[in-house]
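Residue-level structure breakdown
Letter by letter, the chains look like this.
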Amino acid sequence: MKEKVNSIMAKKGLSFDDIIMVAVTKTVDVDRINEAIELGVTDIGENKVQEIQDKYQKINSNVKWHMIGHLQSNKVKYIIDKVCMIHSLDRMSLAEEIQKRAEEHNISVDVLIQVNIAEEDSKFGLKKEEVIPFIESIRDFSRIRVKGLMTIAPYVENPEEVRFVFRDLKNLFEKIKELNIPNIDMKYLSMGMTNDYEIALEEGANIVRIGTGIFGKRLYKGD
Ligand SMILES: *Cc1c(COP(=O)(O)O)cnc(C)c1O
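This write-up is about the structure you can find in this document.

1. Describing the pairing of strand 6 (residues 144-150)
Counting buried residues in strand 6 gives six out of seven residues, a clear majority hidden from the surface. Bridge count between strand 5 (residues 109-114) and strand 6: six bridges; the pairing is parallel. Across the sheet, the residue bridging to Val109 is Ile144, located in strand 6. Running through helix 6 (residues 131-138), the crossover from strand 5 to the neighbouring parallel element strand 6 is right-handed.

See below:
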């Protein structure tokens, strides 16, 4: 996978070291996660607060944790001091809760704004046209540092079909960058999963979130 990433990034004059590969560890047990860290994984992603709480103490503390899933406001307090970035800020009430809990811990929190480019009912995230007004409305939140955008593309057999999703998000990212909004630092574009990361990288992703491609098919209880 590293070689594939390198060959895509080489076309932009970049390499694997210019992106963050978040190893998505949902449903993966702590022994396998620690093994992956030994082998070089630096960043891990979970989509459930409960799983972060269950695993946190048992995982090699050098790794950085990313919250990549939908986040209920009442659970912010459990992870606020554990994660390096929340990829799923998508509403004012959540921003207010993050601000409040960050103040309690006297920390600042890096966040990405989740955007639902394809407007799928099944997915969370702001609509494209809601993003700039939302960012404007939270720019004075002293404890929240907006670092970029995140999206989850619809799952399709042929990822070429969702290239437009990544291109749209990249365009929005550049547009926001040009606005030079105080306190808003458009640095990261978190897009691309196992099935579509190559297309996402071609379209400008600098964070990809890979689960199956690293750990194999997830086994859920009952499978
Ligand atoms: C599970 C998950 C991923 C990783 O999915 P794979 O297809 O296994 O690579 C990425 N992002 C989010 C938000 C996820 O929930």
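Continuing now.
2. What to know about a negative patch on the surface
Side chains of Asp29, Asp31, Glu35 and Glu38 sit close together on the surface and give a patch of like negative charge. For Glu38, the position within the fold is in helix 2 (residues 30-38).

3. Some points on the environment of Lys64
In this structure, Lys64 sits in strand 3 (residues 64-67). Residues Lys64 and Met85, 21 residues apart in the sequence, show an inter-C-alpha distance of 8.6 Å.

4. Some thoughts on the site of the ligand
Residues in contact with the ligand, as listed here, are Val24, Lys26, Asn47, Ile68, Ile152, Met193, Thr194, Arg209, Ile210, Gly211, Thr212 and Arg218. A distance of 2.4 Å is found between an oxygen atom of the ligand and a side-chain nitrogen or oxygen belonging to Thr194. Measuring from an oxygen atom of the ligand, one finds a side-chain N or O atom of Arg218 at 2.8 Å. Calculation on the ligand without its partners gives an accessible area of 390 Å², and the protein chains cover 90% of this total. If you map the ligand onto the pockets, it falls in the largest pocket. Residue classes in the shell around the ligand are distributed as five nonpolar, four polar and three charged.

5. Some words on the pairing of strand 3
Pairing geometry for strand 2 (residues 43-46) and strand 3, over four bridges, is parallel. Paired with Asp43 across the strands is Lys64, a residue of strand 3. Remark: the strand 2/helix 3 (residues 49-55)/strand 3 crossover connection has right-handed handedness. Bridge count for strand 3 against strand 4 (residues 85-89) is two bridges, and the pairing is parallel. If you follow His66 over to strand 4, its bridge partner there is Met85.

Scoring rules and cut-offs
- Residues numbered from 1 in each chain as written.
- Predicted model: local features only at pLDDT ≥ 70, side-chain atom pairs only at ≥ 80, totals over all residues.
- Heavy atoms only, no water.
- Buried < 20%, exposed > 50% of the residue type's maximum accessible area, 1.4 Å probe, protein only.
- Helix = DSSP H or I, 4+ residues; strand = E, 2+ residues; numbered from the N terminus.
- Pairing = 2+ DSSP bridges.
- Right-handed = clockwise from strand over helix to strand, strands pointing away.
- Patch = residues over 30% accessible without salt bridge, like charges linked within 9 Å, V, L, I, M, F, W, Y side chains within 5 Å.
- Areas by Shrake-Rupley, 256 points an atom, 1.4 Å probe, with all protein chains shown as cover.
- Salt bridge = Lys/Arg side-chain N within 4 Å of Asp/Glu carboxyl O.
- Lys, Arg positive; Asp, Glu negative; His and termini not counted.
- Charge placed at Lys NZ, Arg CZ, Asp CG, Glu CD.
- Near = heavy atom within 4 Å.
- Polar contact = N/O pair within 3.5 Å; in protein donor to acceptor, adjacent residues only side chain to side chain.
- 1 Å grid on protein atoms, 1.4 Å probe; cavity = no way out; pocket = protein on both sides within 12 Å on 5 of 7 lines; lining within 4 Å.
- Sits in = over half its atoms within 2 Å of the grid points.
- Nonpolar A, V, L, I, M, F, W, Y, C, P; charged D, E, K, R; others polar.

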